[in-house]
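# Working through the structure, step by step
The primary structure of each chain is shown beneath.
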Amino acid sequence: MKPDHDELTRRLIEFRDERDWRQFHSLKNLVMSAAMESAEIMELTQWKDDEAVERAAQGDTQFRAALAEECADVFLYLLLICERADIDLTEAAVSKLELNARKYPVEKAKGNAKKYTEL
Ligand SMILES: [Mg+2]
């Protein structure tokens, strides 16, 4: 069974504390690290066109493994940020999805990529 976010966070904190890394994990450093890991996802697609990225995501084992690894890096930093800031990431994501549904009603947003302020 897959661990939920709370269990994953517990394991992550255990991993961190066993290495005495809490001292390096200020909220600012965690935020910067999440952004840097996000850039590593972008790096995987740098200089490739849309079709090449889609093909790689479907059939390139090495690309898929690297993508999964970088996505996991971002996710783990998000969990650390939320633990430090006492934010429930699942609740925040649900709230944000509900907010986005109000900002982008289907009748206005379907089939276009305009920002909600332009709908
Ligand atoms: Mg990484």
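As shown above, the structure is provided for reference.
The structure reproduced in this document is the subject of the present report. Within every chain, residues take consecutive numbers counted from 1 along the sequence as written. Per-residue local features are limited, in this predicted model, to residues with pLDDT of at least 70; the limit for side-chain atom pairs, both in listing and counting, is 80 or more; totals at the level of whole chains, interfaces and linings are taken over all residues. The basis for the side-chain values is all heavy atoms of the structure; hydrogens and waters are excluded.

Check the secondary structure of the protein and you find six helices and zero strands. Mapped from its N terminus to its C terminus, the protein presents α and β elements in the order α-α-α-α-α-α. Radius of gyration: C-alpha atoms only; globule rule: 2.2 Å multiplied by the number of residues to the exponent 0.38. Over its C-alpha trace the protein gives a radius of gyration of 18 Å, far above what one expects of a compact globule, namely 14 Å for 119 residues. Out of the 119 residues in the protein, the part that is buried amounts to 18%. We call two residues contacting when some pair of their heavy atoms lies within 4.5 Å. In the protein, of all internal contacts separated by at least 6 residues, the share reaching a separation of at least 24 is 60%. Each helix is a run of H or I in the DSSP string that is no shorter than four residues. Each strand is a run of E no shorter than two, and both are numbered from the N terminus. Think of it in three bands: with a 1.4 Å probe and only protein chains considered, a residue is buried below 20% of the maximum accessible area for its type, exposed above 50%, and partly exposed in between.

This part is about the coordination of the magnesium ion. Coordinating N, O and S atoms are those within 2.8 Å of the metal (3.2 Å for Na, K and Ca), and as water is not part of the atoms, a site may appear to have fewer donors than expected. Around the magnesium ion, the protein supplies Glu 37 (OE), Glu 40 (OE), Glu 70 (OE) and Asp 73 (OD) as donor atoms, at distances of 2.1 to 2.2 Å. Mapping the donors of the magnesium ion onto the primary sequence yields the spacing E-x2-E-x29-E-x2-D. Of the two residues, Glu 40 is situated in helix α2 (residues 27–45) and Glu 70 in helix α4 (residues 61–85); the sequence distance between them amounts to 30 residues. Among the residues examined, Glu 70 registers a relative accessible area of 13% and is labelled buried.

The charge count includes Lys and Arg as positive and Asp and Glu as negative, but it does not include His or the ends of the chains. Put simply, a salt bridge is a Lys or Arg side-chain nitrogen that is within 4 Å of an Asp or Glu carboxyl oxygen. Buried charge without a partner: Glu 70 forms no salt bridge, and the closest opposite charge is Lys 48, 12 Å away. If near-sequence neighbours (up to four positions away) are discounted, Glu 70 is found in contact with Glu 37, Glu 40, Ile 41 and Leu 44.

Attention shifts here to the packing of α2 against α4. With axes taken as lines fitted to C-alpha atoms, and helix axes fitted only over the stretch in contact, angles between N-to-C directions fall between 0 and 180 degrees. Where α2 contacts α4, the axes come no closer than 9 Å and their chain directions differ by 165°. Viewed along their axes, α2 and α4 adopt a mutual orientation that is roughly antiparallel. Where α2 crosses over α4, the handedness of that crossing is left-handed. For the pair formed by α2 and α4, the contact residues are Leu 27, Leu 30, Val 31, Ser 33, Ala 34, Glu 37, Ser 38, Glu 40, Ile 41, Leu 44 and Thr 45 on the first element and Phe 63, Ala 66, Leu 67, Glu 70, Cys 71, Asp 73, Val 74, Tyr 77, Leu 80, Ile 81 and Arg 84 on the second. All amino acids are sorted into three groups, where Ala, Val, Leu, Ile, Met, Phe, Trp, Tyr, Cys and Pro are nonpolar, Asp, Glu, Lys and Arg are charged, and the leftover types, Gly among them, are polar. Tallied by class, residues from the contact of α2 with α4 come to 14 nonpolar, three polar and five charged. Relative orientations are named as follows: roughly parallel for angles under 35 degrees, roughly antiparallel for angles over 145 degrees, roughly perpendicular for angles from 65 to 115 degrees, and oblique for any other angle. Definitions for this section: a left-handed crossing has its near helix turned counterclockwise from the far helix by less than a right angle. A right-handed crossing has that turn clockwise.

This part takes up the pattern of salt bridges. Inspection of every chain in the model, using the stated rule, returns five salt bridges. Of the charged contacts in the structure, one is a salt bridge between Asp 17 and Arg 16, with a shortest N-O distance of 2.9 Å. Overall, Asp 17 belongs to the partly exposed group, its relative accessible area being 41%. With relative accessibility at 7%, the residue Arg 16 sits in the buried group. If you follow the salt bridges from partner to partner, you end up with Glu 7, Arg 10, Arg 11 and Glu 14 in one network.

Moving on to the nonpolar core. Think of a nonpolar core as a cluster: buried Ala, Val, Leu, Ile, Met, Phe, Trp, Tyr and Cys residues, connected wherever their side-chain atoms sit within 4.5 Å. Counting residues in hydrophobic clusters, the biggest one holds seven residues: Leu 12, Ile 13, Leu 30, Ala 34, Leu 79, Leu 80 and Ile 81. Taken together, the elements giving at least two residues each to this core come down to α1 (5–18), α2 and α4. Broken down by element, this core gets its largest block of residues, three residues, from α4. The contacts of Leu 30, once residues within four sequence positions are left out, are His 25, Tyr 77, Leu 80, Ile 81 and Arg 84. Core analysis: the second largest hydrophobic core is formed by five residues, Leu 44, Val 53, Ala 56 and Ala 57 among them.

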